[in-house]
Every structure is written in structure tokens, then in C-alpha cells.
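Coordinates in review
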Number of protein chains: 2
Amino acid sequence: MIIGFNCQQTKDIGIMKTTIKLRKPSLEAGVIRPVEDGNINLVNMDFEFSVKNNKKNEIRGKHSLKATECHTITFSVSENPYRRSFKLLSTKMWNFVFLPEDLSRRIMSILQEERKNCTFNRLEITNLLDGSAKATENRRELERFILSFPELQDKIPIDYLSHEDRYAEELRKACLLIRKGFEAPGNDGQANTMRYLMGAGVGSAVLKEGNPLAVHFVMFVPTIMNQGTPEQQMEWLSKAWNCEIVGTYAQTELGHGTFLRGLETTATYDPTTEDFVLNTPTVTAYKWWPGGLGKTANHAVVMAQLWTKGKCHGPHPFLVQLRDTDTHEPLSGIDVGEIGPKMGLNTNDNGYLGFKSHRIPRTAMLMKYSQVLPDGTYVKPAHSKLSYGTMVFVRVVIVSDACQQLMKAATIAVRYSCVRKQSELIPGEPEPQIIEYQAQQAKIFPPVAACFALKFAAFYIIDLYQETTQRGEEIDLDLLPELHALSCGLKALSTTDIGQFVEVLRQSCGGHGYMSNSNFPRIYSQVQAAYTYEGENTVLWLQVARHLIKSYKNGGNYTSSYLSEKEIIRSQKLSGNIYDPYFLETVFRRTAFGLVRRAAAELDRLTAQGMNPHIAWNKASVLLIDAAKGHSRYFVVHNFNEKVASIKISQATRDVICHLRDLYLVHGILAYKGDFIMFGGLSDLDIVGLQSRQSYLFEQIRPNAVSIVDAFDIRDEILNSTLGVANGDVYNRLMEEAKNSPLNLTQVHSSFQNYLKPFMNAHL
Amino acid sequence: MIIGFNCQQTKDIGIMKTTIKLRKPSLEAGVIRPVEDGNINLVNMDFEFSVKNNKKNEIRGKHSLKATECHTITFSVSENPYRRSFKLLSTKMWNFVFLPEDLSRRIMSILQEERKNCTFNRLEITNLLDGSAKATENRRELERFILSFPELQDKIPIDYLSHEDRYAEELRKACLLIRKGFEAPGNDGQANTMRYLMGAGVGSAVLKEGNPLAVHFVMFVPTIMNQGTPEQQMEWLSKAWNCEIVGTYAQTELGHGTFLRGLETTATYDPTTEDFVLNTPTVTAYKWWPGGLGKTANHAVVMAQLWTKGKCHGPHPFLVQLRDTDTHEPLSGIDVGEIGPKMGLNTNDNGYLGFKSHRIPRTAMLMKYSQVLPDGTYVKPAHSKLSYGTMVFVRVVIVSDACQQLMKAATIAVRYSCVRKQSELIPGEPEPQIIEYQAQQAKIFPPVAACFALKFAAFYIIDLYQETTQRGEEIDLDLLPELHALSCGLKALSTTDIGQFVEVLRQSCGGHGYMSNSNFPRIYSQVQAAYTYEGENTVLWLQVARHLIKSYKNGGNYTSSYLSEKEIIRSQKLSGNIYDPYFLETVFRRTAFGLVRRAAAELDRLTAQGMNPHIAWNKASVLLIDAAKGHSRYFVVHNFNEKVASIKISQATRDVICHLRDLYLVHGILAYKGDFIMFGGLSDLDIVGLQSRQSYLFEQIRPNAVSIVDAFDIRDEILNSTLGVANGDVYNRLMEEAKNSPLNLTQVHSSFQNYLKPFMNAHL
């Protein structure tokens, strides 16, 4: 329940407009505070107020409003807060526009009604998606802890701030968030808590637009751990972990992205001084993009071409101090700055970095694998793939994080689709909730199903990563190609699909989805960043395809073992029950097989014409990418079936998950039905049957829809969406946010006198 | 050619950093000016400079740099500007980081090389897309005129500003732009020039993030023209046209979008005073979204439920004054403000508006069609559809405008794809231009082809609109359903497809496409707004579907006449040449027919089960939407073929257009191949053939790619993209923009002392 009104002062003391809110309506005590004054000067004024309950008991008070202050009035009531009414007594100074209280109550009851339809145990799904009941508890405890600090909340939404102010404000909160993280309950001194604070979870409730210290924890520290010698770890790790130094990971250059070998930054060894000399020979060699590099970091792991004894040994990591730790001034020979506004993540202070004959000691090269001896002799690593560990790890993290973003978007859209009423299903009847429209269900339910499919796939890849690296220092080389291909495929698949799903979900909320405070624009911009960083998706698809073509020709193993099953023949029509998820899994497998075979056949055809195999690879790229996508989709479907078969859960909850699983499969086939007809053995009639099946599944999912997204268990502060609030009080939230706009602090903006009035008076 | 360097003063006079640029390299005269100083205080200083040409002739000069001023140094040279070198002579005060000049020259030569491959006459395509040679001339003249005013350019990119400052700055330019528009050459005193200034053309070079006065010209003025009586036009039109009053169009409410009948705002007639009383009965009844409403407009056309003599006659338009024209204060009973930040169009000051017993005279109702007599008698209009003219007109405009946005995105991506080099096609060879990769061609060429397809469709719908309304006051009622369905279908198709194309184009530019200064994020956000406004696309698809089902059952005419051709039978396999565009057009028609028939059959099946036909309509929505899309795609393909057959153009240019047309058709089939197999009569082998055909077409288009987007003839100022600059100097532009970031005006941001240093020193 929010009561808002406009306050307008008499002219002699200027114009003031503000909003007074009755906060925390569900608590026993309430707070009234005027919004902050922003840039206008408030004059001092006193007012009286009263709060009444339905028994006509009244609490009266006085409050003094002082210029440029934030005010809080607390009072206590013990009755049902929805029956309270609020009144300002000094009415002659105020011009009220009350938001109707009864309407607010009515809207909020909609989601309560939805929740009554729940047929399953929400906590079971919450635990399943967290990984365990213990994981849910830990997450909730951390959330409660972090969200208990008002100083971690925005005074004004950062969308209203300038680029510069936004950075400063977020840096303030970033420093504070990490301090709190160290004090957090259950913080084991390990990087896990910090990583959780950097991702799309509770940290995103504090730092909505990016954390300038995130790369420090997600890439800088892990790279020292993975690639530093014990001595280097001794020297750097505790300082980095305590944030005495703040680092970033500088690999990408202005002219060079995914193709590591193309990097132009050089590190040339000078044995006379036992130094490396860093140089940025061209404008395209400038480091570009590293998060936190612009204004925050004073150190970086820099990837540079290693030259020694006149020979280049390719890109290697160097730990470079960029700025004086005391003054923060860039060191001599270093040109560092911020790259400017982006589609999103605008407080990440992504930066550029150039070197002009900047010297660092030999021991600044991270030497766990490759080494340069004092005399300049280069010592090769035992296994060349070992040094890419950080990027594989980050890809694994991206899959989970993208899932979290999809869960947010799905939660917002499902709840809003229940609150929003529009148009007519049957002429003359009241406007229905838009979730009743099949066209709406077709937009919002497949993404809900995909949350499960992709989350389970994320669990698989995390396990695989841990299995591969489980023996501490020793890496399972046999599993490396599988880990590489699967992490590439799942990173590309999850960010591609989730990007599209998020936009469909936003569009499903109509105009209001376009409001920044819906949080869709930000969620989308962050998923789109993940589309490109840590390996652009098209490049990754082609790496998956290379693995598949190799497996197809030489026999596959692990998730590509089916490519060895040559007996699957395209022309042979399958017969099976399209209601059977295992039959549909077979259809996915056959289709993936067919797409790989088709791409391989195209490669063979082109090379048979005498084409250079590399040129042929390029000319077959479109088909190769299709094959990689088909394979990755098959894996996700297979893993979904495996997971459903293996989980221990009540039958009612299992039924819900089975419907979602079935929808994920059916929707996946219908979305790419051409491939499934051509390669999966499905007939036109099967497609028609699957269309009916999809309608049926929509109806099955509909009654539990709100409860399913409730089970994602995302607190309002983390959801950060006017449209997705758990109590369903959408329209009042939208109005409340609007009233907070700095442009609404005055009735007439100064630009009227400056520009509009002269313009209107010009009589053009 | 831009030469930039950092300037750092000695410590005793503080730190200053700026960029000096050699501007207008292609002109005979150059300009050197330091960027504006922003918020830091520059001290006064003198420096000398010299400009040399390749014959060693030198121009020397002195310049005095004063605090807080913008400086321009002009000089004249007559030699090839690319051979000039620039040197600051007073070096001891400056610390240079030169961007390598030779690299800059090399990158810029790439697009020149591309342009040498052009096989056709670019101007022919430019004229074709403008509509005529005269239209090209007029557009160019207007562009030259508008872009000649430096006061219409941003002093600092608005992305750096706060929400409030951004609004003020854009309002300043909006007023100025319209003044200039009135003085523009060829301004016919009609709304055409103004509308051009409001769209994605030259106006977007001035107002990048929305124009608070756009709705005034695009909807407010046309609505008075279309719906006002002669007396009302007399009273309001000249004032509106001269901008003595500034208006908006207030229809959408917080709780009500596309469904007009659901509006809650009421206008109740009071015959005793001959007034209408306006009320906003609930929070959901607040007007929400109108552009310019927040802080700019002082009038609005308000759509409200008309009540008279105790009866509601549905939504009608009222002309309402909102603010005092002198003080700009909201009138009593009016609650108006700005709704807050959005995904884009942030300087449109979209607003909210509530009424509390606000009275307006009877004559404020726009009465050209419906009327209320002084005694309260309601007089019905002759034809109920006539009052929706403004929305149909705006949809027609949206199609053209969305095309312009796609042309921008395609221009940026194609040019950048030539400049950008990455990875290896053949191991050991130099990094190729990324446009050589088939995967890249598959992303960027189909959108280029779609520019033509959708632009030609836009021409068709504009003609149809004019034909329908050609007889001045008299509207061709027979054509209205066709105009309605086609404008809905093309608005939905163009904004849906263009939205997806723009994102693929952005993704094709990797990380740099994520930079705001690539202009992709803004183009995307604006296309996405058009997805939803003036009829949400899903709602529009269903309206198209209603028209199609009616045509299927009762016989169609105009563009849906093929639905009467019942002899087309799905099971009969077509035979034809997949290289023949007319055969492919037949495939599109058959597919559209099949999709409509499939949806109709589903409706029949459901109603045969006894289902209420309205419920059945809902349960068949997914199939109905597919049918509407299929029909609209068929129309665009058919129209493309018609256009190619009818234009008079040289053979070389026609060849280029034919390749693009063929690609549009082939790509359209492959993107939805399931439908074309199920309904279009295509076999698996046809699909394989079309995949090869697509590869072939990519290769045909490749050599002309840059010249084709050049022919879109979009000036750099309008393109507004670092990645899309016509001279190809991408990397220097990116670096130049970054150096302008306010965060880079100091080496150490104040937030370091405030937050980061205490944090690092805390030894966590």
C-alpha cells in the first residue's frame, strides 16, 4: 500500500514537489519519508500528520522538513496495515492526488489467488535448482545478510545519474559489498562467496550495472592461482585476496578478440637487465575491454607476445602493476583509461591500456607452465592447453549465470502476465489476465521450461569441470577435449537461447517491459555481453563443429559417442510415440547426427572438387554451425531426461517438472521443425501432433505458473523489477518509481524558460 | 585522419588531459581544436604548432589556450590531406602518445579498395530507395542544411549526461531543429519536412535519443487535421503548426494498451455548464507513455470514454490544455509528470497524466465524426472506422522508419566487416577481413537484402494509404480492410524482422558492437519501441489472421485473393526451378495458403468439439499467428518480384538487385524451412539445393557489399557510428571517442580517494 501525493508550496518560497510513502505495509511499524530533494533547494517547513486505523484510532505527529535532508518518520500500529489511512493535516499547503487504496489491494490479491492453485512443493524445486537444501539455506542466509545493509542500496536509481556519478556510486558500493562479503555468515575464506557476490545473484541487487571489482575476483585472482608459481602465489595472492592490490585480466585488444595468436602487445626480454619490455606497437594493439581496467585496477594480468632471443613464443601472461598503489597515478609508459558507454554494464569501467617501453622484472611473467630463464632461454610447458584454464572456468560460470538471468526474466513475465488484464477473450466478458491467451503462454512458458533444461546442463558442466581438474594439480588430459567442446557449446547455446528468450519475455510485457525499472533491458544487455565475451558464440560453434567432425570421422566418445553409430540412417522413418520423451530424445539425437553428417558431406563434396580443405571449411560454415547447435541441443535434452530419471522428489513435483521437460522437447522440435523433418524422421503428421501436444502442455503448466517461478526463489531486491514484484502491486510500483524521477521534483523544468518558452513565443 | 595525443601538464599547475584533433581531412582546409574542457579548470597556456605537407612546406602558427574555452585553429592547405603531418612545437609541456599515422592511413585504404570492385551505378540504387532522383536531391539538400549548424551538434555525447541534463540538452536542440526546419530549403510549409526531421533520417543526427516534440508533429497535428471540424481546425491548427502550443497524443493508459475499448479515463458531459468533466478513476487509468507529455507538452489529444445522458459511447478524442502556456504550471485538476528511464528514447519525456474533475468546454471534443450537441445528445459517425486514421498513418510511417534503421545497421556492419581482420582462413596466412567468412556473410547479407524487400513494401503501403485517402475527405471504404490488414502485417513483420536483423548485425561486430558509439544499441532500442507501440505486434498478427480466415472462408481480394484459389493442394508436390524467383514466389504463396488452411482447420476441429468459437480462436492462436506471418512474408516477396520487373534501371544495377532479391527469397525459405517443406511443396533435396544456392549468392554479393551500403547514402553524422565511418578509420575513432569520456579527463578519479584507497588500506 503506497500513498503518494504531490506537494506544492506557495510561490513565495518556490515550488517543491515530492512524494511521501507509507513504507513496509506488511510490517507492524511503518515509515514515512519524503524522497530526497535531489538538486532543488527545499525550504524548511513543518507539517502534521495522522495515521488512522479502521477503528478510528489515530496516531498524530509533527514533522519538520529541513532543506536538503532525507526524512524518516516512524510510528507504530498494531492493526491490519491495509486498513490504515494516512492524512496530512496541514492541507492548505498541499495538493493531494491519492492513489486509490482499494485498487492496490485488489491487484495484490491476484497473485495470492494464483498461489492457491499450486499442486506441488515449491521448496523441492528451489532445492533442486540450488543443488541441495543446504545450498538453498546458505544462499538465503547470505541474501538476508547482504540485503540488511541500507548503505548498499541506491539513494536514487543509477539510471538517473551521469556516467561519471554512476561509476563513483557503484565503486562505493562495490568496496562496501566486498567488505560485507568478508563478514558474511558461512564465508569460508574461499573465493566461492565472492564469486556469488559478483554474479547475477544477490550481488546484482547491490550493483545492478556491473561491478568494477568483479574481474579482480573472477579472473585476476584465479589466474594467479592457476598460472603462478608457488613463489608468485606467495608474493601476490594474499595481497590480491585482501584487496591491497586490485587487478584485472587484460587480453582482448582493440583489433583482436577471440583469436589469441593475433595479439599485438609485445613483451620482449632484455637479459642485460633481466626485464621484460612491454610495448603497444599500434593503435589496434591497445588492450580494450577489460572490466575494472579503466579507473579502478592498479594491477593486471596482461597477455602479450613473448619475445626472447629474437624469437616469438606466442601469448603469455604477465603480472603488471599499472598504477601507483598510493597515488593511483598511472606508472610511466602506461596509457590507461575508460572506453566509454556501452549497451550495458556501464559501471564496469571497461578500459584501454597501452604500453610504451614499460619495463617489468622477469619474475612478473606467470611461470607455472612456461618459463624464461635469466639468460633468456625459453622453457616450454608440458602441455600447451593447460594455460587456458581460466577461460574454460569462466565459460562454465557463464552458463549458470545466464540461467539465473533467464529465471529473473521468466519470473517477471509470468507474474506480470497474471496481473495484467487486457482485451476480451469472449466479447462482453471482463478483460482476462493476459496469461490466459495462448499467444502469451507460447511466449512465456518455453523460457520457464528452458530454465530447468539449462540449469541442469550447467550442473553437468560444473561437475565435468571439477572432475577434469579434481586431482588438484593434475589435469585429466583425456577429458580436456570433451570439456572444451561441451563448455563452448553450452556457453554458446545458453547465451544465444537465453538472449532470445529474454527479449520475447520483455516483449510479452508490452510497453511496460520497455521501462528500465522492469529490469528487462538490463537483464538483456547483460546476457548479450555474455554472448560475445570469453569466446564469441560463432567462433565457439565452429570449435564445437571441429570436435564433431573429428568424432564423426574417427569415432566419438562421451557426449559425442552417438556419432559413431553409423547404423542410424536418415531415409528410414522412425516410428514412435511423440508423447514419449525418450522417443523425442531419439529424434533429437538423429537430427543432430543428420546435421553433422550433412556438414561432413558438404566438406567432402567441396574438397572432392579440389578445394583447399580450409576454404572448404569456410564454405561449409553455415552447415557446420547448424550441426554444432543440433548437437548441443541434443545434449541438453538428453541431460534433462537423465536428470528427471535420477532425482529423488515427490510425485506431484515430478509431474510439474515432467510437463516442463516435455514442453522443452516439443517446443525445441517445433522451433526448428525443418531439421527434424529432414533428419529426425518426423512426418508432417507428427508435427501436427506435436502442435496439439504443445497446446495441451500449456494448459497443464498454466495453473502452477506463478508457483513455479516463485520456486526460483528470487527476492524482490534481486529481481529489481516493478513488473515482477512478488505481491503483484505492479501499477503502484510503476507510479511510485515515476514520481521519483528527478524531472518530477519540479512541475516546470528549468529548460522551459531556457528553451521552450522562447521557442513557443517566436511565432514561427 | 585524426591525430590525437595526451597532454599532461607539470604538477605545479595541476593535471590536464585533452585531445587535439585534425578535423575534416578530406577538405582543403583543416581545423585543429582541443576538445572542451568539461569540468576541470584549464589554465591559460600558449603553444605553437606546425602542419607539414609531403613537399616539406610547413605552416606554423601559435595558439593561446584559455581556461574553460573551446578552441579552433583554422589553417589552409592545398595538398593531399593524407600526406599532412602535424606537430606540436612546444613539446616540453606535453607528453605525447601519437596514434600511428601510417596505420590510420592503411585502415582507411581498405574501404577504398572495396569500392574499386563496384560493378554498378550507386546513384541508381540511391534514387530507387529514395523514390526518385529528385527525392534524393531534396533529402541531400535538407541534410546539408541541417548539418551545417554546429549548435545542433552535441557538445558531449549525451550518453555521458544525467537523465535530467540529457532532457534539457535535447529539448534545446529540438526547438532549434524545428526552427531550422522551417527555414530549410524546399520546405513546402507542409508537414512532410517536419515528419522527415522527426524520423530516423537527418533528425536522428541531431536528436539521437528521441525528440520531445516529435509526437506534436507526427500525431497531435495530424489528429486535429483528421478529426477536427473546420472550426476546430481554424482555432487550433495554426497555433499548433506555429508551435505556439505544443501537443501530444494521450491514448495508452497504465493499465490499458492496444485494447482501446478498455480505456478507463472518462469524459462525462455536463449539459448545465456545457462542459466535459475529465476523470482518472483509478491508478490504472492514468495516461502513460505519450511522448513529450512528461515535461514538454502543454496540450494533448486525450482519448477518453465519452459519457452523456447516463450512457457510455466508447473512446473519443478531446483536445485538452494541460499546462498554463505562460508559466507552464499544470492546470488545476491535472497531475502530469515523466515516467522515468527506458530501454531507449530517453529524451522523449514520455509522461503520465491524471485528471481530477477537470473541466473542458464541449467544443474541446474533436467532432468531425461523432458529436455531442449542447443538450447532451450523442450523434454517431457515419462510419465507425474513420476515426482510427491517425494510427493507420503512423503504422505506415513506422515501416519506412524501421527500414531506415535497418539500412543504418547494415551499413555499419558491412563496413566494419571489411575493416576488421581476425583469425586465419588458411593457417599461416595473414588475418583475413572477417567479411570473407561465410558465417559472417550469413549474418550480414540477408539484412542487406531485407532493406530492399521491406523498403519496397513500405512504398507499396504508402501508395495504398494515399490511394485510400486520395479523394480528400472521402475515404475509399472498400479498400479500408485491406489497408488495415496490410498496414498491421507490414508493421509487425518489419519491426519483428528488423529487430532480429539488427541484433544479428550487432553481434556480427563482436564486442565493439556492444559499445554505445557503434550506435547499434540505440538503433536496436528504437526498433524495439516500434515493436510495441501503435499496436503490439502479436495483437496485430491476430488482426491480420482474422482478415485471412475471413478471406479464406468467404473469398479474399487484393493481396489475399490467392486464398480463394482452392485448387492449390498441399499433397501435390510442386516441380520447378529453385533458381527461378517466380517459382520461389509460388512456394511462398503455397506455404502461406497452407498455413492459413492449417489454422482454419484447427479452428474447425475445435469448434466441432463444441468449443466456444472465441475460446477456439484463442486455442488456435499460435497457428493463426504463423498464418499471418506466412501471408505477410508472401506479400513482401511478391511485391519484391513486381518491383524488380517494373523498375527502369541499368542492367548492371538490376543484376545486383536480382542477387539481393534471390537471397531474400532463399534465406526466407531456409529460415523457416519446416513450413516450406510441409506446405510449400519443397523436398529435402530442394532444401539442400537452396543451401548451395545461398552460398553462391553470398559470393556474388561479396564484391559489391560496401558499394551497396554506400548506395544507402547515409552520412556519417546520421549513421553516428564509430564502426561504420565511411572512411573506415574505425580504430582511431574508437580511441578518439574513449579519450573524450569525462572519466578520462583526470588520471585519478575522485572516487579513488573517497572509496578505493580506504578499501585497499583496510587490509581485509
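Note that the structure is a prediction, hence the values are computed from the model and not measured. (Residues numbered from 1 in each chain as written. Chains lettered and ligands numbered in written order. Predicted model: local features only at pLDDT ≥ 70, side-chain atom pairs only at ≥ 80, totals over all residues. Heavy atoms only, no water.)

**Some words on the overall build of chain A**
To be explicit about the condition: Helix numbers and strand numbers start at the N terminus; a helix is a DSSP run of H or I with at least 4 residues, a strand a run of E with at least 2. For the exposure calls, accessible area comes from a 1.4 Å probe over protein chains only, and a residue counts as buried if that area is under 20% of its type's maximum, exposed if over 50%, partly exposed in between. Contacts are residue-level and defined by heavy atoms, with any inter-residue pair within 4.5 Å sufficient. Each accessible area is a Shrake-Rupley estimate made with a 1.4 Å probe; only the visible protein chains count as cover when residues are assessed.
When helices and strands are tallied, chain A shows 23 helices and 17 strands. Relative to its 764 residues, chain A shows a buried fraction of 64%. The contacts in chain A between residues at least 6 apart in sequence include a share of 71% that link residues at least 24 apart. If you sum the accessible surface of chain A, you get close to 27400 Å²; carbon and sulfur atoms cover 51% of it.

**Some details on helix 3 (residues 133-146) of chain B**
Condition: Expected span, for any helix, means 1.5 Å times one less than how many residues it has.
Its 14 residues place the ends of helix 3 of chain B 20 Å apart at the C-alpha level, agreeing with the 20 Å of an ideal helix rising 1.5 Å per residue. Residues Thr136, Arg139, Leu142, Glu143, Phe145 and Ile146 of chain B constitute the buried set of helix 3 of chain B.

**So, the pairing of strand 11 (residues 299-308) of chain B**
Residue and element names in this part refer to chain B. The condition is simple: Here, any two strands with at least 2 DSSP bridges between them count as paired.
Burial runs high along strand 11: nine of the 10 residues are buried. Of the pairings in the sheet, the one linking strand 7 (residues 247-250) to strand 11 comprises four bridges and is parallel in character. The partner of tyrosine 249 across the bridge, within strand 11, is valine 301. Here strand 8 (residues 266-270) runs beside strand 11; their pairing, made up of three bridges, is parallel. Within strand 11, the residue paired with threonine 266 across the bridge is glutamine 305. Alignment of strand 11 against strand 12 (residues 311-321), held across nine bridges, turns out to be antiparallel. Along strand 12, the bridge assignment pairs histidine 299 with glutamine 321.

**Details of the sheet that holds strand 13 (residues 334-338) of chain B**
Residue and element names in this part refer to chain B. Taken in spatial order, the three strands of this open sheet run 10-14-13, and their pairing is antiparallel. Looking at which strands have only one partner, the edges of the open sheet turn out to be strand 10 (287-288) and strand 13. Two elements, strand 13 and strand 14 (residues 351-355), share five bridges in a ladder whose sense is antiparallel. Across the sheet, residue glycine 337 finds its bridge partner in strand 14, namely tyrosine 352.

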